[in-house]
Amino acid sequence: MLVDTHAHVQMPEFDADRAEVLGRSRSAGVQWMVCPGVDLASSTRAEELARQEPDVAAAIGVHPEDCDKAPADYLTKLRSLYALNATTTVAIGEIGLDYKEGTPDRALQFRFFEEQLQLAADLALPVIVHSRFAVTACLNAVAHFRGMRGVMHCFGGTTAELERAVALGLHVSFTGNITYPGAHATRDALKACPVERLLLETDSPYMPPVPMRGTRNEPSFVAYVYSAAATLLDSDVTDVACRIHETARGLFNHHERGNHAGEENL
Ligand SMILES: [Zn+2]
């Protein structure tokens, strides 16, 4: 009973074999996944997929690395997309800040982040926050929005930053990064995360976990992330999966639509 809280299965990387990828995901026990957009086109694709596949829920938003290419009326377009797809949209994301060299101007990223935080507040949706090299800056921005719900996705910050995220009411999600040999600080952060705020994800097609590094990541590989997290928490993987399923359902207010493989009474 797994959930992948972040998988870009709408991306072109999956165009050749998306049905097989989703089939493997179901066989691996993934009950549902959140598919976040990074721009208007991929947000629209996420909604199309969510309408077709009962185990895919969509998130819509403009990623900090894509904000310099977004049209001036992107907020209006996101609002219309939401209006057409309110039942399949579980979050605004992914949005945030990315301070890696070569990313768009920081002031522009910041404007897009704040505007989309406001959009999430207006629509009463949680946010999915990307925060590469910018965890504290992201938390400072979220702190201006009282009661904002959301998740720090692909968390790569320190334990102190994790504690601040939790104090702000946010959830924290880890990827295959917890399986990387050098990721001691990330593993320490996971261990410091209150279990009711902890989420797991693949970030497919990126961040493949050990032993799948060097390949395209896909939602079925989330099982490796669950198993690594359970080891770090010294818990049974089934217990971890049940808890995270509940947490994800609560945050995204997600109720599985339809059944496949004859599963009922979820
Ligand atoms: Zn992502």
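Predicted model, so just to flag it, every value in this text is computed and none were measured.

Caption draft 1: Quick look at helix H2 (residues 40-52). With 13 residues, H2 extends 19 Å from end C-alpha to end C-alpha; this agrees with the ideal 18 Å at 1.5 Å per step. Among the residues making up H2, those that are buried are Leu40, Ser42, Ser43, Arg45, Ala46, Glu47 and Ala50. Lining the buried residues of H2 we find strand E2 (30-36), strand E3 (56-60) and helix H3 (74-84).

Caption draft 2: Quick look at the confidence of the model for the chain. With 96% of its residues at a pLDDT of 70 or more, the chain has an overall mean of 95. Considering only residues more than four positions removed or in separate chains, one finds that residues 259-266, a stretch of pLDDT under 50, has seven contacts.

Caption draft 3: Main features of the sheet that holds E2. Taken together, the eight strands give an open sheet; going across it, the order is E1-E2-E3-E4-E5-E6-E7-E8, and neighbouring strands pair in parallel fashion. What marks the edges here is a single partner per strand, and that holds for strand E1 (2-4) and strand E8 (198-200). Ignoring which end each strand starts from, the neighbouring axes of this sheet average 25° apart. Both strand E5 (residues 127-130) and strand E6 (residues 150-152) contribute to a ladder of three bridges, which runs parallel. Each bridged residue has a counterpart across the sheet, and for Ile128 the counterpart in E6 is Val151.

What counts, and at which threshold
- Residues numbered from 1 in each chain as written.
- Predicted model: local features only at pLDDT ≥ 70, side-chain atom pairs only at ≥ 80, totals over all residues.
- Helix = DSSP H or I, 4+ residues; strand = E, 2+ residues; numbered from the N terminus.
- Expected span 1.5 Å × (residues − 1).
- Buried ≥ 20, exposed ≤ 12 C-beta atoms within 10 Å, placed from the backbone.
- Contact = placed C-beta atoms within 7 Å.
- pLDDT = per-residue confidence, 0-100.
- Pairing = 2+ DSSP bridges.
- Axes fitted to C-alpha atoms, helices over the stretch in contact; angles between N-to-C directions.

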